[in-house]
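Survey of secondary and tertiary structure
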Amino acid sequence: MFTKSPADTAASGPAASSAPTVALTSVPGGTPIPHSVGVSDEEFRAALSRLAAGVVLITAHDPDEGPHGEDIGMTATAFLSVSLDPPLVMVSVRNDSRMDDLLELQPLWAVSVLSGHQRQIAGRFAMKGRISDRLLFADIPFVRGEVSGAPLVGGALATMECRTEQRVVAGDHTLVIARVLATSIPNEDDGPLTYFRGKYRQLG
């Protein structure tokens, strides 16, 4: 979920003579320890799991799916602000995922910042082998954004409607940078939902 798993970078290139220089560091005793060029998936995930992150639901409307279109949702923790002027945000989506394919064609999408009591929504839209998004949205209260046409989840701490301005491929994910066109703060009384050490957690 995390916008899913981190990238696995494999070393490649010409012969060893032209390989990158291996960096050295020192332990307190002064003995240098060689660092490998990369780390394993497990090491990378373990290190990043110690970074607490807020949880959001990314949504977009696919007008070409069926007679009335279909809403698509994706839980993400790799979401952050990029700029104040202009107001830009960024989300990381896995390459060739359904959301990635849709956002390549649909520039308008939305963000719902999930509250601590919306753990079930986060888990629902993050699970593998899930049922259709149409069914996932069936019993979730939401309103449709006036700007994006995407679902804005009821009870969210804040919502944002966005328009993509740039897409940057980074390993096995794509960084989608967008301008925020509209915001709302429907819930000021709850705390945020966070993701830490592989689990959803309520702050406080």
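Structure: above.
**Brief notes about the overall build of the chain**
When its secondary structure is counted, the chain shows four helices and 14 strands. Here the chain, with 204 residues, has 39% of them falling under the buried criterion. Long-range contacts, defined here as pairs at least 24 residues apart, represent 64% of the contacts in the chain between residues at least 6 apart. Accessible area for the chain stands at about 11,600 Å²; split by element, carbon and sulfur atoms hold 57% of it.

**A short note on the packing of aromatic side chains**
The description of two aromatic rings rests on the distance between their centres and on the angle between their planes. All chains considered together, the criterion is met by three aromatic pairs. Ring-pair connections join several aromatic residues into one group, and the members of that group are Phe125, Phe137 and Phe142.

**Remarks on the pattern of salt bridges**
Considering all chains together, one arrives at nine salt bridges under this definition. Ionic pairing is found between Arg94 and Asp172, a salt bridge with its closest N-O pair at 3.5 Å. Here Arg94 is found in strand E7 (residues 88-94), whereas its partner Asp172 is found in the loop between strand E11 (158-170) and strand E12 (173-184), with 78 residues between them in sequence. Using a relative accessible area of 22% as the deciding quantity, one classes Asp172 as partly exposed.

**Section: a nonpolar patch on the surface**
Together, Met127, Ile131 and Leu135 give the surface a local cluster of nonpolar side chains, amounting to about 280 Å² of exposed area. For Ile131, a relative accessible area of 46% gives the class partly exposed.

**Concerning the sheet that holds strand E14 (residues 199-202)**
Within a sheet, each strand pairs with its neighbour through backbone hydrogen bonds, oriented either parallel or antiparallel. Strand order in the open sheet formed by three strands is E3-E13-E14, with antiparallel pairing between adjacent strands. Looking at which strands have only one partner, the edges of the open sheet turn out to be strand E3 (53-54) and E14. Inspection of the sheet shows E3 paired to strand E13 (residues 193-196) by two bridges, in the antiparallel sense. Paired with Ala53 across the two strands is Tyr195, which belongs to E13.

Analysis parameters
- Residues numbered from 1 in each chain as written.
- Predicted model: local features only at pLDDT ≥ 70, side-chain atom pairs only at ≥ 80, totals over all residues.
- Heavy atoms only, no water.
- Helix = DSSP H or I, 4+ residues; strand = E, 2+ residues; numbered from the N terminus.
- Buried < 20%, exposed > 50% of the residue type's maximum accessible area, 1.4 Å probe, protein only.
- Contact = heavy atoms within 4.5 Å.
- Areas by Shrake-Rupley, 256 points an atom, 1.4 Å probe, with all protein chains shown as cover.
- Phe/Tyr/Trp six-rings, centres within 6.5 Å; stacked < 30°, edge-to-face > 60°.
- Salt bridge = Lys/Arg side-chain N within 4 Å of Asp/Glu carboxyl O.
- Patch = residues over 30% accessible without salt bridge, like charges linked within 9 Å, V, L, I, M, F, W, Y side chains within 5 Å.
- Pairing = 2+ DSSP bridges.

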